[in-house]
Amino acid sequence: QKIETDMDQLREFYRKTPEVTLMGQVAELKGQLADSERRIESLKAEKAEIHLAKEQFRSNVHRLARALRRERDKLASKKANNDCERQQLHLTYDPDDKSFVMGGNQDEIQRILTDLNRISQSQ
């Protein structure tokens, strides 16, 4: 009995020593440190995912810009070709008048008509 009470007293005394109190605080702080490290690693992983998503978005924006530029260039090229074709001289037959009609660039048509008139007058 006495030995047990002595042991209990010794344990109580030991629990109240500053070393044991400090060891308890150290253990609590180690737990907090581990929790903080886990949160830091989680935030780093989240940051990496966000960075990857940002880079993918940036890549997609650049790809879209290139596609848009290609389509604009195609459209401009097609428009230039259409303008060029519209300006070229062409001859069509009008079945109602039973005559040929020349179309295209009016300046070019006028120049040709002037040349033809000059040739016919010189003969």
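Worth saying up front: this structure is predicted, and the values here are computed from it rather than measured.

## Here's the deal with the overall build of the chain
Inference 1: Of the regular secondary structure elements, the chain holds 3 helices and 2 strands.
Inference 2: In the chain, the succession of helices and strands from N to C terminus is α-α-β-β-α.
Inference 3: A total of 123 residues make up the chain; the buried ones form 2% of that total.
Inference 4: Accessible surface for the chain amounts to roughly 11,700 Å². Of this, 57% is attributable to carbon and sulfur atoms.

## Observations concerning the side chain of Thr-17
Inference 1: Mapped onto the elements, Thr-17 comes out in the loop between helix H1 (2-15) and helix H2 (18-87).
Inference 2: On the basis of relative accessible area, Thr-17 is assigned to the buried category, the value being 12%.
Inference 3: Among the polar contacts made by the side chain of Thr-17, one reaches the main-chain carbonyl oxygen of Tyr-14 at a distance of 2.7 Å.

## Brief notes about a nonpolar patch on the surface
Inference 1: A surface patch of nonpolar side chains, amounting to about 450 Å² of accessible area, comprises Ile-3, Met-7, Leu-10 and Phe-13.
Inference 2: Mapped onto the secondary structure, Phe-13 falls in helix H1.
Inference 3: A relative accessible area of 59% means that Phe-13 is categorised as exposed.

## A few points about a positive patch on the surface
Inference 1: On the surface, Arg-63, Arg-66, Arg-69, Arg-70 and Arg-72 cluster together to form a positively charged patch.
Inference 2: Considering the arrangement of structural elements, one finds Arg-72 in helix H2.

## Focus on the pattern of salt bridges
Inference 1: A complete count under the given rule lists 9 salt bridges for this structure.
Inference 2: The residue Lys-44 makes a salt bridge to Glu-41 at a minimum N-O spacing of 3.9 Å. Of this pair, Lys-44 and Glu-41 both sit in helix H2, separated by 3 residues, roughly a single helical turn.
Inference 3: On the basis of relative accessible area, Glu-41 is assigned to the partly exposed category, the value being 47%.

## Let's talk about H1
Inference 1: With 14 residues, H1 should reach 20 Å at 1.5 Å per residue; the first-to-last C-alpha distance of 20 Å fits that figure.
Inference 2: Counting buried residues along H1, only 0 of its 14 residues qualify, which leaves the element largely exposed.

## Topic: the confidence of the model for the chain
Inference 1: Per-residue pLDDT for the chain has a mean of 86; in total, 89% of the residues score no lower than 70.
Inference 2: Ranking the elements of the chain by mean pLDDT puts strand E2 (residues 99-103) last, at 70, and H2 first, at 91.

Basis of the calculations
Residues numbered from 1 in each chain as written. Predicted model: local features only at pLDDT ≥ 70, side-chain atom pairs only at ≥ 80, totals over all residues. Heavy atoms only, no water. Helix = DSSP H or I, 4+ residues; strand = E, 2+ residues; numbered from the N terminus. Buried < 20%, exposed > 50% of the residue type's maximum accessible area, 1.4 Å probe, protein only. Areas by Shrake-Rupley, 256 points an atom, 1.4 Å probe, with all protein chains shown as cover. Polar contact = N/O pair within 3.5 Å; in protein donor to acceptor, adjacent residues only side chain to side chain. Patch = residues over 30% accessible without salt bridge, like charges linked within 9 Å, V, L, I, M, F, W, Y side chains within 5 Å. Salt bridge = Lys/Arg side-chain N within 4 Å of Asp/Glu carboxyl O. Lys, Arg positive; Asp, Glu negative; His and termini not counted. Charge placed at Lys NZ, Arg CZ, Asp CG, Glu CD. Expected span 1.5 Å × (residues − 1). pLDDT = per-residue confidence, 0-100.

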